[in-house]
Each structure stands twice: as C-alpha cells, then as structure tokens.
Amino acid sequence: MSDKTKETLDKTAASRRRFLQAGLAGGAVLAGASAARAAGDPLITEIQDWNRYLGDGVDAAPYGTPSEFEAHVVRRDVPWLTADPVSSVNFTPLHELDGIITPNGLCFERHHGGTAIINPAEHRLMINGLVDTPLVFTMQDLMRFPRENRVYFLECAANSGMEWRGSQLNGCQFTHGMVHCVAYTGVPLKYLLEEAGVKTNGKWVLAEGADASAMTRSIPIEKALDDCLVAFKMNGEALRPEQGYPVRLVVPGWEGNMWVKWLRRLEVGDEPWAQREETSKYTDLLENGKARRHTWQMEVKSVITSPSPQAPITHGRGPTVISGLAWSGGGRIKRVDVSLDGGRNWQEARVDGPSLPKALHRFYYDFNWDGSELMLQSRAVDEDGYIQPTKNELRAARGMNSIYHNNGIQTWYVKADGVVENVEVS
Ligand code: MTE
Ligand code: CO
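Small disclaimer: the values here were computed from a predicted structure and weren't measured.

J.: Before we move on, can you summarise the overall build of the protein chain with the specific residues and values?
T.: Of the regular secondary structure elements, the protein chain holds eight helices and 24 strands. With the principal axes as the frame, the protein chain shows a C-alpha extent of 75 × 60 × 55 Å. Taking all 426 residues of the protein chain together, the buried fraction comes to 49%. Within the protein chain, residue pairs in contact and separated by at least 24 positions form 73% of the contacts whose partners lie at least 6 positions apart.

J.: Residues and numbers for the sheet that holds strand β3 (residues 110-111), please.
T.: Within a beta sheet, neighbouring strands are joined by backbone hydrogen bonds and run either parallel or antiparallel to one another. Spatial ordering of the open sheet is given by β1-β2-β3, a layout of three strands whose pairing is antiparallel. Pairing within the sheet leaves two strands with one partner each, and these edge strands are β1 (76-77) and β3.

J.: Kindly report on the sheet that holds strand β23 (residues 411-414), identifying the contributing residues and their values.
T.: Pairing is antiparallel across the open sheet formed by five strands, whose spatial order is β19-β18-β22-β23-β24. Two strands in the sheet have a free side with no partner beyond their single neighbour: β19 (347-348) and β24 (420-423). Judged from the four bridges that link them, strand β22 (residues 374-382) and β23 form a sheet pairing that is antiparallel. From the neighbouring strand, L376 faces β23, where its bridge partner is W412.

J.: Give me the pairing of β24: which residues, what numbers.
T.: Note: β23 against β24, four bridges, orientation antiparallel. Across the sheet, T411 pairs through a bridge with V423, a residue of β24. Where β23 folds back onto β24 in an antiparallel hairpin, the turn is made up of five residues, including G418, whose phi is positive at roughly 90°.

J.: Quick rundown of the site of ligand 1? Include the residues and the values.
T.: Close to ligand 1 lie 22 residues, the nearest being F108, H112, D211, R248 and K261. A distance of 2.7 Å separates an oxygen atom of ligand 1 from a polar backbone atom of H112. Within the backbone of W259, a nitrogen or oxygen atom sits 3.1 Å from a nitrogen atom of ligand 1. Protein contacts shield 100% of the accessible area of ligand 1, which totals 540 Å² for the unbound molecule. Assessed atom by atom at 2 Å from the grid points, ligand 1 resides in the largest cavity. The class makeup of the residues in the shell around ligand 1 is eight nonpolar, eight polar and six charged.

J.: Summarise the pattern of salt bridges; cite the residues concerned and give the values.
T.: The full count for this structure, using the stated rule, is 26 salt bridges. Linking R75 and E242 is a salt bridge whose minimum nitrogen-to-oxygen distance equals 2.9 Å. Of the two residues, R75 is situated in the loop between α3 (49-52) and β1 and E242 in the loop between β11 (237-238) and β12 (248-250); the sequence distance between them amounts to 167 residues. Residue E242 is classed as buried on the basis of its relative accessible area of 19%. A salt bridge links R217 to E255, with the shortest nitrogen-to-oxygen separation between them at 2.8 Å. With R217 in strand β9 (residues 216-220) and E255 in the loop between β12 and β13 (263-269), this pair connects stretches of sequence that are 38 residues apart. Accessibility assignment for this pair places R217 and E255 in one class, buried. Linked by salt bridges that have partners in common, E208, R264, R265 and E267 make up one network.

J.: Let's hear about the nonpolar core: which residues, and what values?
T.: Core analysis: the biggest nonpolar cluster contains 56 residues, and L192, V230 and L263 have the highest contact counts within it. Looking at this core element by element, the count peaks at five residues for strand β10 (residues 229-234). Formed by 32 residues, the second largest nonpolar core is a distinct cluster that contains V300, I322, V338 and F367.

J.: Which residues make up the environment of K281, and what are the values?
T.: With respect to the helices and strands, the residue K281 is situated in the loop between β13 and β14 (284-285). Sequence spacing of K281 and T65 is 216 residues, and the spatial spacing of their C-alpha atoms is 37 Å.

J.: Please provide a residue-by-residue account of unusual backbone geometry, values included.
T.: Cis geometry is adopted by the peptide bond preceding P246, which originates at Y245 and carries an omega value of 10°. Take P246: it is sitting in the loop between β11 and β12. The omega torsion of the bond from S306 to P307 falls at 0°, within 30 degrees of zero and hence cis. Looking at the secondary structure, you find P307 in the loop between β16 (301-306) and β17 (318-327). Even without a glycine there, the phi angle at A274 is positive, about 60°.

J.: Kindly report on helix α6 (residues 189-196), identifying the contributing residues and their values.
T.: Residues L189, L192, L193 and A196 constitute the buried set of α6. Down the axis, α6 shows its buried residues gathered within 95° of arc, on one side only. Looking one or two residues beyond α6, the residue adopting positive phi is G197, at roughly 80°.

What counts and what doesn't
- Think of each chain on its own: its residues are numbered from 1, step by step along the sequence as written.
- Each chain takes a letter, starting from A, and each ligand takes a number, starting from 1, following the order in which they are written.
- Where totals are concerned, whole chains, interfaces and linings use all residues; where local detail is concerned, this predicted model gives features only for residues with pLDDT of at least 70, and gives and counts side-chain atom pairs only at 80 or more.
- Only heavy atoms go into the side-chain values, all of them from the structure, while hydrogens and water stay out.
- Only DSSP runs of H or I reaching four residues or more are called helices, and only runs of E reaching two or more are called strands; each is numbered from the N terminus.
- Accessibility here uses a 1.4 Å probe with only protein chains present; expressed as a share of the type maximum, an area under 20% marks a residue as buried, one over 50% as exposed, and anything in between as partly exposed.
- Any two residues whose heavy atoms approach within 4.5 Å are treated as being in contact.
- Paired strands, in this sense, are two strands between which DSSP finds at least two bridges.
- One heavy atom within 4 Å of a molecule or strand makes the whole residue count as near it.
- By the criterion applied in these results, polar contacts are pairs of N or O atoms within 3.5 Å in which, for protein atoms, one can donate a hydrogen and the other can accept it, and in which residues neighboring in sequence qualify only through two side-chain atoms.
- Surface accessibility in these figures is a Shrake-Rupley result with a 1.4 Å probe; residues are shielded only by whichever protein chains are displayed.
- Buriedness of a pocket was judged along seven lines, with at least five required to meet protein on both sides within 12 Å; pockets are open sets of points on a 1 Å grid over the protein atoms alone, cavities are sets where a 1.4 Å probe fits but cannot get out, and lining residues have an atom within 4 Å of a point.
- Pocket or cavity membership: a molecule qualifies when more than half of its atoms sit within 2 Å of the grid points of that site.
- Charged means Asp, Glu, Lys or Arg here, nonpolar means Ala, Val, Leu, Ile, Met, Phe, Trp, Tyr, Cys or Pro, and polar covers whatever is left, Gly included.
- Throughout this description, the term salt bridge denotes a Lys or Arg side-chain nitrogen within 4 Å of a carboxyl oxygen of Asp or Glu.
- Residues belong to a common nonpolar core when they are buried Ala, Val, Leu, Ile, Met, Phe, Trp, Tyr or Cys residues joined through side-chain atoms within 4.5 Å.
- As used here, the arc belongs to the directions running from the helix axis to the C-beta atoms.

See below:
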C-alpha cells in the first residue's frame, strides 16, 4: 500500500470514528424519529400511486432531464449586477451539487455578447501569424487529431469579486458559483500549433472567439504548448452552446476569461496584444493605484457548500455533514481544514473522490452538531504548499480596489435554528 493510500485510509477511518461517536450521541434522535414514522406513516402502510400505476415507457424523454422535484436546482443570475443579460453572468448552484463534476446544464455562463449559435458544418478555426503554414481547420479536420480526456475546473477571475470589501451576497451560488468542473475531450493545442509550425519568434498566441464580442486574449506560448486543449466535448457529449459549441479553448488552472468559447482563430505573435480583456478588465488594481497585469493562475481556494445560506441545517442537532469544494490552479489539493469557530480552531476535513490536478476536490467534515451557533470556515492547501489566505491578508497585499482573484476564506454564520448567513470574520 502506498503512503498516500494509507494516509487517505487513516483519514477516512478517523473521520468515520468521529461520525460514529457523533452518531452515538445523536443516534437516539434519529432512531426515535424513524420508529415513530414506521408505526403509522401512510407512506409505509399505504400503497402509493407510483407503486399502483405503470410509469411512462422508455422513449417518453429521448433526452433525459432531472426529476420534476429537482426543478429548483438551476443556474441563477443577480439582475442588478449587470446592465444587460447578453453581457452578464449566472451562477452554478454549488449548494445543491455533490462530487466534483458539474452537470452540463448547470455550468455557470459568462458571455460578453450573448450565446453564439453556430452550425458546426460552418465553423472554421484558423491559425495565422508567425507560423510556417497558416491553416484553416473544419470541425471534421479537428476530429482527426489524437484526442485527450481531462477534468479541469474553470473559475472566472471575477468569482467572489463582489465580496472583496465585505460580505454581500447571501449564498455560495452567488459568492462562489462562477466555477465549474468538467471532463473535456479535445485535441492538445500543441498538435495544432505544431501542424502550422510556430516560427522561432512566435512567443504569444491570441485566441479569438466567433461570438458577437469576438473575445480575444493573449496566451504565452509556453502555456499554449503545455496543457491547453481545443475541446469539443464536455462530460462526454458535445459542448453546450452556452459553453462555446462547437469548440472552446481549455486553459487549465488559469482564469476563465482566457478559455475562449466559439474559438475561431489563433494568431501567433511576438508580444501580447493588450486587448480590452487584459488591460481595462481582468487586471488587478492595487492600493497604490497601479494595476497588476497578467494574473493568470487561479490560486488555492475553497468554500463550504452545505450548510450555506441556501442550504440551511433543517434536521436539528446531531450527526451533521459539512460538505465543500476546494481547488487550485497550481495542481492538486493537499489538505482542507474546517473551522467551526471562525478560524480559532481547525480540524482536517476528508477529501473524497478523485484528486486530479487543476480540478475541483470534494471535502467532507462529519460531526455532531450540538445546536450551538457556528462560524464555519474552510481553508485549503495545495500541493505547492500555498495556503488559502484570509480576506484581510488579501486586502493587506492588494488594498481595497481589487475585484478579481479573490480567494479569501469564506465565513458562514450558522444560527441555533440552522439558518445560515454570509458574514466576515477578519
Ligand atoms: N469566450 C467568448 N468567445 N466570449 C465570452 O464572452 N467569456 C469568458 C470565457 N470565454 C467569453 C469567452 C469568461 S469571462 C469566462 S469566465 C468563461 O468564458 C466562462 O465560461 P462558461 O460560460 O463556459 O462558464
Ligand atoms: Co470570466
């Protein structure tokens, strides 16, 4: 058994022990409740309609959709945030999800000029600039290059931006929901650039979208030749139109703005282009009035998704599952700690499920809630040893004017009745 496996097993065992101990105290409540129900619960004693009548046949829904009882699990926007929905954002309902993969229909959307609707037969991807042979690919051409499958998170640089000066939005969907994690299928960008032949002075790649905003970003050639993908599938099926159908750029670990959707052109150049999205936007305004350019990597971050303002504790005291997400553009998550008292004491959480570089990680902390007020926090550490900062540590380094790249520690205030609020403990 590897040390890593042993460590995971030890952690799981410790967490299970904690849960069982919690269960001993809370078990009476749970057992009592189910015994009372078994005695006279009509859901147990009477035959229900779903048991009495035949259901729909196999082809009732050729493309499946979630149960009608899950209709509340949807992306949501904050109407006052932007002037118009075509240049706007909606948010992933993180508080309703589990595991590490975001279902396709729930991936947050961020568009600067609405969703482009493109017939794949009419889509072209061009490579030009400092290359030996300028090339134009059809979708069919792209499908003939060797493919890879990779799971990555995408986080908008503006995620949690509204929380920079203090707690503002009441729900992790809104404070942290500009992130999703998807299994992509695509062609390494490297293969396409090699096909065109990058000239020796080709140091940058400009990626351009085919949407009405024609979004453009400069990407250093080292990254383009490293792990970027030109992706056409998400979670096994074609990209959704909102996510860039038929093809988008995947720039692992780096800010979402660089992941150009509806990708139509890659220009190789010898210096960055200074486009709108890398000058007036997606730069970090510092305290001294200067702006920091090119903050590409999304740093280590985490958030408790349940309980949270949209997912209060409704079962009362006793065994309680705290669940959350952690991620880092630097690679894997090494460890997540949870605090119940606003950062005074920390306990190690249990990371469960695949631990993939530059992907979301799922963590749990199973404990016995005694019904007292909690100040819940999570703090992630990545494999490079970077520790998620407090919001005050961030502000000490960058002042009050920043918006982007807020990876500060989030606090949820859990009241005795289980209601949860967004607060800040700094
Ligand atoms: N690409 C194009 N062509 N147009 C856009 O408006 N928005 C960018 C990026 N790529 C955008 C784009 C931003 S700011 C982000 S955060 C991500 O796409 C969002 O990707 P998603 O909508 O799949 O979540
Ligand atoms: Co963005």
